[in-house]
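Listed below are the residues making up each chain.
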Amino acid sequence: MWIVRASVSIISTVCVFLLMRKLYSKYPTPLLMPILTSTIIIIAGLLLLNIPFDVYMEGGRYLQHLLGPGVVALAYPLYNQWQMVLKYKYTILSGVLIAMVSGIISVYTLLVVFKIDKEYILTALPKSMTTPVAMNVSETIGGIPPLTAVLVLIAGFTGALLGPLMYSLGRIHSPISRGVAMGSASHGVGTAKLVDYGELDLSVGSLSMGLSAVVGAILCPIFVYIFM
């Protein structure tokens, strides 16, 4: 029986994504990003049909396993653009460092101003890192890892939705700047959006995403130790 449920879960998820991708190709607006619309439709379907999440994940877990190879696949455009990345290595490194420091300080300051409990502050600090790293850091510093994962997802969707608008308003046309900004702030979901801009943007974004995880994993515990 579980084979049937798993098959239905996988097939329905893939079909929804392909349909949303086709819709996005026809109406390329950030609000119709396939990963966003597919997520909303699947969640709505589970709620309307009263299907437990555990039942959906009988098939969904196999799709989840593809996340690792998907991230590794980002190395391909990085390989193609390696010479250009090396040319701007100091710009990328400094950009990632500034992004992580400003991200941690801004989140901390905002939550302190609104008098949010310490546990939730610790939960939110790693939100700009990729999910597996963010959850581990959250657990290490005393946060709530599952909630951190949700905040990471929100950060990704927010960056993917508002990033193009910020590029336009700020007249940011540099692939290096776009890649560093999106990769450092919105990790995997935001980096996937860079496909719309070009291979160099995607390469810098994937590199920035990886560097942000490393830098954030070092800076976040140090920040907590000194200031909290």
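One can find the structure itself at the top, above this paragraph.
Summary of the structure given here. Since the model is a prediction, treat every value here as computed from it, not as a measurement.

Turning to the pattern of salt bridges, a few remarks are in order. Under the defined criterion, the tally for this structure stands at three salt bridges. The partner of Arg 5 in a salt bridge is Glu 58, with the nearest N and O atoms 2.9 Å apart. Within this pair, whereas Arg 5 is found in helix 1 (residues 2–26), its partner Glu 58 is found in helix 3 (residues 53–64), the two being separated by 53 residues in sequence. Taking relative accessible area as the criterion, Glu 58 reaches 19% and is therefore assigned buried. Ionic pairing is found between Asp 196 and Lys 193, a salt bridge with its closest N-O pair at 2.9 Å.

For the rest of this paragraph, the subject is a nonpolar patch on the surface. A cluster of nonpolar residues, Leu 110, Val 113, Phe 114, Ile 116, Tyr 120, Leu 147, Val 150 and Ile 154, forms a patch on the protein surface that exposes about 740 Å² of accessible area. Top contributing element to the nonpolar patch by residue count: helix 10 (residues 145–169), with three residues. Secondary-structure assignment places Val 113 in helix 7 (residues 89–113). Residue classification places Val 113 among the exposed positions, given a relative accessible area of 58%.

As a further point, take the packing of aromatic side chains. Per the counting criterion, the structure on display carries four aromatic pairs. Aromatic pair Phe 53 and Tyr 56: ring centres 6.3 Å apart, planes at 35 degrees, arrangement tilted. Within this pair, Phe 53 and its partner Tyr 56 are both found in helix 3, separated by three residues, close to a single helical turn. Assessed through its relative accessible area of 14%, Tyr 56 is described here as buried. Grouped by ring-pair contacts, the aromatic residues Tyr 108, Phe 223 and Phe 227 constitute a single cluster.

Turning to the layout of surface pockets, a few remarks are in order. As a volume, the largest pocket reaches approximately 2200 Å³. In terms of lining residues, the largest pocket is bounded by 45 residues, among which Ile 35, Thr 39, Leu 67, Leu 153 and Val 189 are the most central. Elements supplying a minimum of two residues to the lining of the largest pocket: helix 1, helix 2 (34–48), helix 3, helix 4 (67–73), helix 9 (131–141), helix 10, helix 11 (175–193) and helix 12 (199–227). Considering every element that reaches the lining of the largest pocket, the biggest residue donor is helix 2, with seven residues. Of the residues that constitute the lining of the largest pocket, the class distribution is 31 nonpolar, 11 polar and three charged. Computed from the structure, the second largest pocket encloses a volume of approximately 320 Å³. Lining the second largest pocket are 20 residues; nearest its centre among them are Gly 159, Met 166, Ala 181, Ala 185 and Ser 186. Put simply, the parts of the chain that give the lining of the second largest pocket at least two residues each are helix 7, helix 10 and helix 11. Looking at the lining of the second largest pocket residue by residue, the classes come out as 10 nonpolar, nine polar and one charged.

Attention now goes to helix 12. Compared with an ideal rise of 1.5 Å per residue, which puts 29 residues at 42 Å, helix 12 spans 40 Å between its outermost C-alpha atoms and is within 8% of the ideal. Of all the bends in helix 12, the largest measures some 30 degrees and sits at Gly 216.

Formed by 25 residues in total, the largest nonpolar core has its most connected members in Ile 92, Leu 125, Val 204 and Cys 220. Residue assignment for this core shows that the elements contributing at least two residues are helix 7, helix 8 (118–124), helix 9, helix 11 and helix 12. Filtering out sequence-adjacent residues up to four positions away, Val 204 remains in contact with Val 85, Ile 92, Pro 175, Ile 176, Gly 179 and Val 180.

Two elements in contact, helix 9 and helix 10, have axes separated by 8 Å at closest approach and are oriented at 140 degrees. Overall, the two elements helix 9 and helix 10 adopt an arrangement that is oblique. Crossing hand, helix 9 versus helix 10: right-handed. On the side of helix 9, the interface is formed by Thr 131, Ala 134, Met 135, Ser 138 and Glu 139, while helix 10 contributes Pro 145, Pro 146, Thr 148, Ala 149 and Val 152. By residue class, the composition of the contact of helix 9 with helix 10 is six nonpolar, three polar and one charged.

This brings us to unusual backbone geometry. Its identity is not glycine, yet Asn 50 carries a phi of approximately 55 degrees, on the positive side. Examined against the element boundaries, Asn 50 turns out to sit in the loop between helix 2 and helix 3. With a relative accessible area of 66%, Asn 50 lands in the exposed category. The phi dihedral of Arg 171 is positive, around 50 degrees, even though this residue is not glycine. Here Arg 171 is to be found in the loop between helix 10 and helix 11.

What counts, and at which threshold
- Residues numbered from 1 in each chain as written.
- Predicted model: local features only at pLDDT ≥ 70, side-chain atom pairs only at ≥ 80, totals over all residues.
- Heavy atoms only, no water.
- Salt bridge = Lys/Arg side-chain N within 4 Å of Asp/Glu carboxyl O.
- Helix = DSSP H or I, 4+ residues; strand = E, 2+ residues; numbered from the N terminus.
- Buried < 20%, exposed > 50% of the residue type's maximum accessible area, 1.4 Å probe, protein only.
- Patch = residues over 30% accessible without salt bridge, like charges linked within 9 Å, V, L, I, M, F, W, Y side chains within 5 Å.
- Areas by Shrake-Rupley, 256 points an atom, 1.4 Å probe, with all protein chains shown as cover.
- Phe/Tyr/Trp six-rings, centres within 6.5 Å; stacked < 30°, edge-to-face > 60°.
- 1 Å grid on protein atoms, 1.4 Å probe; cavity = no way out; pocket = protein on both sides within 12 Å on 5 of 7 lines; lining within 4 Å.
- Points joined across faces, edges and corners; volume = space filled by probe spheres on them.
- Nonpolar A, V, L, I, M, F, W, Y, C, P; charged D, E, K, R; others polar.
- Expected span 1.5 Å × (residues − 1).
- Bend = angle between axes of the 7 residues up to and from the residue.
- Core = buried A, V, L, I, M, F, W, Y, C linked by side-chain atoms within 4.5 Å.
- Contact = heavy atoms within 4.5 Å.
- Axes fitted to C-alpha atoms, helices over the stretch in contact; angles between N-to-C directions.
- Parallel < 35°, antiparallel > 145°, perpendicular 65-115°, else oblique.
- Left-handed = near helix turned anticlockwise from the far one by under 90°.

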